[in-house]
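Given next are the chains, with one letter for each unit.
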Amino acid sequence: MAGSALRRLMAEYKQLTLNPPEGIIAGPINEDNYFEWEALITGPEGTCFEGGVFPAKLVFPSDYPLSPPKMTFTCEMFHPNIYSDGRVCISILHAPGDDPMGYESSSERWSPVQSVEKILLSVISMLAEPNDESGANVDAAKMWRENRTEFNSIAEKLVRKTLGLPTNL
């Protein structure tokens, strides 16, 4: 199984290299191991994350693409759909099939037709439009709903931090 996963990951890497989507750079951390990738995601224009460059890591299972990878931001993040340890919580990364909680339809969850590019584009969309009803970070979800000004201020500080700029302005 790992052989077909490796071939798929190599093909996806080639595609991302030849035709990279705007705002995304991604590939294996080391060409000896295609099952661990790093990515740089640029904060979407017109959002409180605009201008930031957010590093993340993707770890692929040996049965990829039958099972989804795990994605974790490796920088500090404050967002309704990102756990405090950086793990990303969006439907596309949830195991295929029916949601045991009944929240997501099976069509929103992982399927083998998804790709690294689709995951990363979904994460950019998530940064722009959080799902505050299914919060991985309850404090961020509550602030997003109730105090957008404070949320935006925290996000702007994180953007500055990703760029190595002072955050105490």
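Rules behind the numbers
- Residues numbered from 1 in each chain as written.
- Predicted model: local features only at pLDDT ≥ 70, side-chain atom pairs only at ≥ 80, totals over all residues.
- Heavy atoms only, no water.
- Helix = DSSP H or I, 4+ residues; strand = E, 2+ residues; numbered from the N terminus.
- Rg over C-alpha atoms; globule rule 2.2 N^0.38 Å.
- Buried < 20%, exposed > 50% of the residue type's maximum accessible area, 1.4 Å probe, protein only.
- Contact = heavy atoms within 4.5 Å.
- Areas by Shrake-Rupley, 256 points an atom, 1.4 Å probe, with all protein chains shown as cover.
- Lys, Arg positive; Asp, Glu negative; His and termini not counted.
- Charge placed at Lys NZ, Arg CZ, Asp CG, Glu CD.
- Arc of directions from axis to C-beta.
- Polar contact = N/O pair within 3.5 Å; in protein donor to acceptor, adjacent residues only side chain to side chain.
- Phe/Tyr/Trp six-rings, centres within 6.5 Å; stacked < 30°, edge-to-face > 60°.
- Lys NZ or Arg CZ within 6 Å of the ring centre and 35° of its normal.
- Disulfide = S-S within 2.5 Å.
- Pairing = 2+ DSSP bridges.
- Axes fitted to C-alpha atoms, helices over the stretch in contact; angles between N-to-C directions.

**Considerations on the overall build of the protein chain**
Here is step 1 of the chain: When its secondary structure is counted, the protein chain shows four helices and four strands.
Here is step 2 of the chain: The helix and strand sequence of the protein chain, counted from the amino end, reads α-β-β-β-β-α-α-α.
Here is step 3 of the chain: For the protein chain, the C-alpha radius of gyration of 16 Å lies close to 15 Å, the compact-globule estimate for 169 residues.
Here is step 4 of the chain: In terms of principal-axis extent, the alpha carbons of the protein chain reach across some 50 × 40 × 25 Å.
Here is step 5 of the chain: Counting over 169 residues, the protein chain shows a buried share of 40%.
Here is step 6 of the chain: For the protein chain, contacts bridging at least 24 residues in sequence account for 55% of all contacts bridging at least 6.
Here is step 7 of the chain: Just so you have it, the protein chain exposes about 9,100 Å², and 51% of that area is on carbon and sulfur atoms.
Here is step 8 of the chain: When the 14 basic and 23 acidic side-chain charges of the protein chain are each reduced to a single mean position, those positions are 2 Å apart.

**Some details on helix α3 (residues 138-146)**
Here is step 1 of the chain: What α3 keeps buried is the set A140, A141, M143 and W144. The arc that holds every buried residue of α3, seen down its axis, measures 165°, which confines them to one face. Opposite the buried face of α3, at more than 90 degrees from it, the exposed residues are V138, D139 and E146.
Here is step 2 of the chain: Looking at the buried residues of α3, the elements they touch are α2 (116-128) and α4 (148-162).
Here is step 3 of the chain: Where α3 begins, the capping side chain belongs to N137, and its oxygen is found 3.1 Å from the backbone nitrogen of D139.

**Examining the packing of aromatic side chains**
Here is step 1 of the chain: Taken as a whole, this structure holds nine aromatic pairs when the rule is applied.
Here is step 2 of the chain: An angle of 80° between the planes, with centres 5.9 Å apart, marks the rings of F49 and F54 as edge-to-face. Here F49 and F54 have matching classes, each one buried.
Here is step 3 of the chain: On the numbers, 5.1 Å between centres and 80° between planes, the contact of W144 with F151 is edge-to-face. Grouping residues by exposure puts W144 and F151 together as buried.
Here is step 4 of the chain: In this structure an aromatic cluster arises from ring pairing among Y13, Y34, W37, F60, Y64 and W110.
Here is step 5 of the chain: Here R87 stacks its cationic end above the ring of Y83, 4.2 Å away from the centre of that ring.
Here is step 6 of the chain: Above the ring of W144, the side-chain terminus of R148 is found at 3.5 Å from the ring centroid.

**Details of the state of the cysteines**
Here is step 1 of the chain: Considering all chains together, one arrives at zero disulfides under this definition.
Here is step 2 of the chain: Lacking any disulfide linkage, C75 is separated from the closest cysteine sulfur, that of C48, by 13 Å.
Here is step 3 of the chain: You can see C89 has no disulfide; the closest cysteine sulfur is in C75, sitting 17 Å from it.

**Describing the sheet that holds strand β4 (residues 70-73)**
Here is step 1 of the chain: Spatial strand order, β1-β2-β3-β4: four strands in an open sheet with antiparallel pairing. The sheet is open, and its two borders are formed by β1 (24-30) and β4, each paired with just one other strand. For this sheet the average axis-to-axis angle between neighbouring strands, irrespective of direction, equals 25°.
Here is step 2 of the chain: As defined by bridge partners, β1 adjoins strand β2 (residues 33-42) across six bridges and the pair is classed as antiparallel. From the neighbouring strand, I24 faces β2, where its bridge partner is I41.
Here is step 3 of the chain: Strands in contact with helix α1 (residues 2-18) are β1 and β2; relative to β2, the strand with the most contacts, it is inclined by about 30°.
Here is step 4 of the chain: Relative to β2, α2 is tilted by about 30°, and along the sheet it contacts β1, β2, β3 (53-59) and β4.

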